[in-house]
Amino acid sequence: MSDGQKQEQVQEQKQEQKQMQERERGEGERVQEQEGLQDNDCSFSDGSYETIDMTDNPMYQIMSAFLENDKGENLCDHINQLTKAVQDNTKMLEQFIKSTT
């Protein structure tokens, strides 16, 4: 392996490390945003988190306009409602199948 190839490999490794660090920082920010949602089922259930008020965050304000309705229900609320409806429908279908066999 030539010196040029070694330098390229080192540069690639450094760039990969930098990208991993950036991803980890981004995941940390998402975790902090989720921690601010402690009133719904999307928050951590073990209680080992710090509550952060994201209402002053410009990104939160923009995203909440897209992900929340006028009643304050957010995307998690709607996903939970949809999941419950699917589970209820599945139970009724199973009961129907049992009753017809």
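This structure is a prediction, so every number in the text was calculated from the model and none was measured.

Describe the overall build of the protein, naming the residues involved and giving the relevant values.
Scanning the protein from terminus to terminus reveals 3 helices and 0 strands. Ordered by position from N to C terminus, the α and β elements of the protein give α-α-α. Counting over 101 residues, the protein shows a buried share of 7%. Of the contacts formed within the protein by residues at least 6 apart in sequence, a portion of 19% connects residues at least 24 apart.

Give me the pattern of salt bridges: which residues, what numbers.
For the coordinates displayed, the defined rule picks out 1 salt bridge. Where D88 meets K84, a salt bridge forms, and the shortest distance between an N and an O atom there is 3.0 Å. With D88 and K84 both in helix α3 (residues 75–100) and 4 residues apart, this pair spans about one turn of that helix. D88 gets classed as partly exposed once you look at its relative accessible area, which sits at 31%.

Give a detailed account of the side chain of N74, specifying residues and quantitative values.
Mapped onto the secondary structure, N74 falls in the loop between α2 (58–67) and α3. We classify N74 as buried; its relative accessible area is 11%.

Any details on the confidence of the model for the protein? Residues and values, ideally.
Considering every residue of the protein, the mean pLDDT works out to 76; 75% of them sit at 70 or more. Least confident of the elements in the protein is helix α1 (residues 3–35), whose mean pLDDT is 69; most confident is α3, at 93.

Report on a nonpolar patch on the surface, specifying residues and quantitative values.
Judged by side-chain polarity, M59, I62, M63, F66, L67, L75 and I79 come together as a nonpolar surface patch covering roughly 700 Å² of accessible area. Secondary structure elements with two or more residues in the nonpolar patch: α2 and α3. The dominant element in the nonpolar patch, judged by the number of residues it contributes, is α2, at 5 residues. With respect to the element layout, F66 can be found in helix α2.

Mind laying out α3, listing which residues take part and the relevant values?
Counted at 1.5 Å a residue, the expected span for α3 with its 26 residues is 38 Å, and the 37 Å between its end C-alpha atoms agrees. Between the side-chain oxygen of the N-cap and the backbone nitrogen of C76 there are 2.9 Å, and the N-cap of α3 in question is N74.

Scoring rules and cut-offs
Residues numbered from 1 in each chain as written. Predicted model: local features only at pLDDT ≥ 70, side-chain atom pairs only at ≥ 80, totals over all residues. Heavy atoms only, no water. Helix = DSSP H or I, 4+ residues; strand = E, 2+ residues; numbered from the N terminus. Buried < 20%, exposed > 50% of the residue type's maximum accessible area, 1.4 Å probe, protein only. Contact = heavy atoms within 4.5 Å. Salt bridge = Lys/Arg side-chain N within 4 Å of Asp/Glu carboxyl O. pLDDT = per-residue confidence, 0-100. Patch = residues over 30% accessible without salt bridge, like charges linked within 9 Å, V, L, I, M, F, W, Y side chains within 5 Å. Areas by Shrake-Rupley, 256 points an atom, 1.4 Å probe, with all protein chains shown as cover. Expected span 1.5 Å × (residues − 1). Polar contact = N/O pair within 3.5 Å; in protein donor to acceptor, adjacent residues only side chain to side chain.

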